Amino acid sequence: MSLQELKQKCKATLASEYENIELNSLMSILFEHITGWDQLKQVLNKEQKLPQVKIDQFHKALTSLQEGMPIQYIIGKAWFMGHEYIVNENVLIPRPETEELVDWIIEYASIIDKPLQVLDIGTGSGCIPIAIKLALPNCMVAGLDISESALQIAKQNATHLNAAISWMQEDILNTTYLPNQFDIMVSNPPYIPFKENTNMKVQVKNFEPGIALFVKDEDPLIFYRTIARLGKQYLKPNGQLFFEMHYDQGKALLALFDEMGYHAELRQDMFGKDRMLRASLKRAV
Ligand SMILES: C[S@@+](CC[C@H](N)C(=O)[O-])C[C@H]1O[C@@H](n2cnc3c(N)ncnc32)[C@H](O)[C@@H]1O
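How each quantity is defined
Residues numbered from 1 in each chain as written. Predicted model: local features only at pLDDT ≥ 70, side-chain atom pairs only at ≥ 80, totals over all residues. Heavy atoms only, no water. Near = heavy atom within 4 Å. Polar contact = N/O pair within 3.5 Å; in protein donor to acceptor, adjacent residues only side chain to side chain. Areas by Shrake-Rupley, 256 points an atom, 1.4 Å probe, with all protein chains shown as cover. Helix = DSSP H or I, 4+ residues; strand = E, 2+ residues; numbered from the N terminus. Nonpolar A, V, L, I, M, F, W, Y, C, P; charged D, E, K, R; others polar. Domains from an automatic or database assignment. Buried < 20%, exposed > 50% of the residue type's maximum accessible area, 1.4 Å probe, protein only. Contact = heavy atoms within 4.5 Å. Expected span 1.5 Å × (residues − 1). Arc of directions from axis to C-beta. Pairing = 2+ DSSP bridges. Axes fitted to C-alpha atoms, helices over the stretch in contact; angles between N-to-C directions. Right-handed = clockwise from strand over helix to strand, strands pointing away.

Student: Tell me about the site of the ligand, residues and numbers included.
Tutor: Lining the immediate environment of the ligand, one finds 21 residues, of which G122, D145, D171, I172 and N188 sit closest. Within the contact set of the ligand, an oxygen atom lies 2.7 Å away from a side-chain nitrogen or oxygen of D145. With respect to the ligand, the side chain of D171 contributes an N or O atom lying 2.8 Å from a nitrogen atom. Surface burial for the ligand is 96%, taken as the share of its 600 Å² of free accessible area covered by protein chains. Put simply, the parts of the chain that give the shell around the ligand at least two residues each are helix 7 (127-135), strand 4 (140-145) and helix 10 (210-213). The class makeup of the residues in the shell around the ligand is 12 nonpolar, six polar and three charged.

Student: Just give me the short version of the domain arrangement of the protein, but keep the residues and values in it.
Tutor: The domain boundaries assigned to the protein delineate domain 1 (3-67) and domain 2 (89-284). Distance between the C-alpha centres of domain 1 and domain 2: 35 Å.

Student: How would you explain the side chain of T226 if you had to name every residue and give the values?
Tutor: Assignment of secondary structure puts T226 in helix 11 (residues 222-234). We classify T226 as buried; its relative accessible area is 9%. What T226 contacts, discounting residues up to four positions off in sequence, is I172 and L173.

Student: So, helix 8 (residues 148-160): which residues are in play, and what are the values?
Tutor: With 13 residues, helix 8 extends 18 Å from end C-alpha to end C-alpha; this agrees with the ideal 18 Å at 1.5 Å per step. Taken as a whole, helix 8 has its buried residues at A150, L151, I153, A154, N157 and A158. On an axial view of helix 8, the arc spanned by its buried residues comes to 160°, and they lie on one face. Exposed residues on helix 8 whose side chains face more than 90 degrees from its buried face are E148 and T159. Tucked inside the fold, the buried residues of helix 8 contact strand 2 (83-86), helix 7, strand 4 and strand 5 (166-169). N162 sits one or two residues past helix 8 and shows a positive phi near 60°.

Student: Which residues make up the sheet that holds strand 10 (residues 262-268), and what values go with them?
Tutor: Across the sheet, which stays open at both edges, the seven strands sit in the order 5-4-3-6-9-11-10 with mixed pairing between neighbours. Looking at which strands have only one partner, the edges of the open sheet turn out to be strand 5 and strand 10. Sheet twist, expressed as the average angle between the axes of neighbouring strands with direction ignored, equals 20°. Bridge analysis of strand 10 against strand 11 (residues 274-281) gives seven bridges, and the strand direction is antiparallel. Residue pairing across strands places R267 opposite M276, the latter belonging to strand 11. Of the strands in this sheet, strand 3 (117-121), strand 4, strand 5 and strand 6 (182-187) touch helix 7, which is tilted by about 175° from strand 4.

Student: Tell me about the pairing of strand 5, and name the residues and values.
Tutor: In this sheet, strand 5 lies alongside strand 4 in parallel orientation, the contact comprising four bridges. Note that in strand 5 the partner of L144 across the bridge is M168. As for the winding sense of the linkage, the β-α-β connection from strand 4 through helix 8 to strand 5 is right-handed.

What follows is the structure, encoded as structure tokens:
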């Protein structure tokens, strides 16, 4: 079969399951991965017959896409702040809103203009600490996760992107000791109450790790409260907490941080939703 024929088959099979824009972007990622050709080369070689091994690879990917597997897990790669990261089903696929959180941290760190100690809690693929280290090479950056298999991917990403990061395997909800004090503690913690999983896309709820997404319905802010408590002990003077958050938890989080002795502010993402929070201890200001 030729590339053109495979593309036609892909479109016909998936057209009812994906919106046009999403399908085009997904196909462009898939066929670049399978052929190793950029868009121009794909156009120039569209009539060329592909070897059987590539055709088999295509059919396997098509079945996975029909089942709802995200394209990033199929090709084993995702992009974050212009860099390619290895991903598999043990790590969350890095999201654009998390890039906005990292942008905020870089903006803040550039104003402070001194080497900072940074800890990322719930690091997953390692995208947050690695992106910070690449942007701010003088910072000392660490990443922590409960999941050994996630940390394995984070370590591979750090090696592949040449970023020196310290890694820790810890359950932050049961940690009373951290090895350092930090200028910045950042987290994109699990924040989706279990009860919301019925409204979620199959691609997310059936394929991304539940431990990365969900939090108990009875206490959806548990990670924020725990990290705020640790921050009292492990933030350096003028230290800052940065978080990603559920768009409808802004009010509750502002109240929680105020009650725990922090000044906190929200920031909106590119769609105008409250998706990020920064907090610093009241006594430090
Ligand atoms: C929403 S994901 C964020 C991953 C990555 N930082 C990102 O932004 O793409 C949350 C991460 O927290 C980790 N996690 C869940 N419970 C944890 C706990 N009790 N202690 C430490 N990490 C935890 C998960 O393994 C997952 O990697």
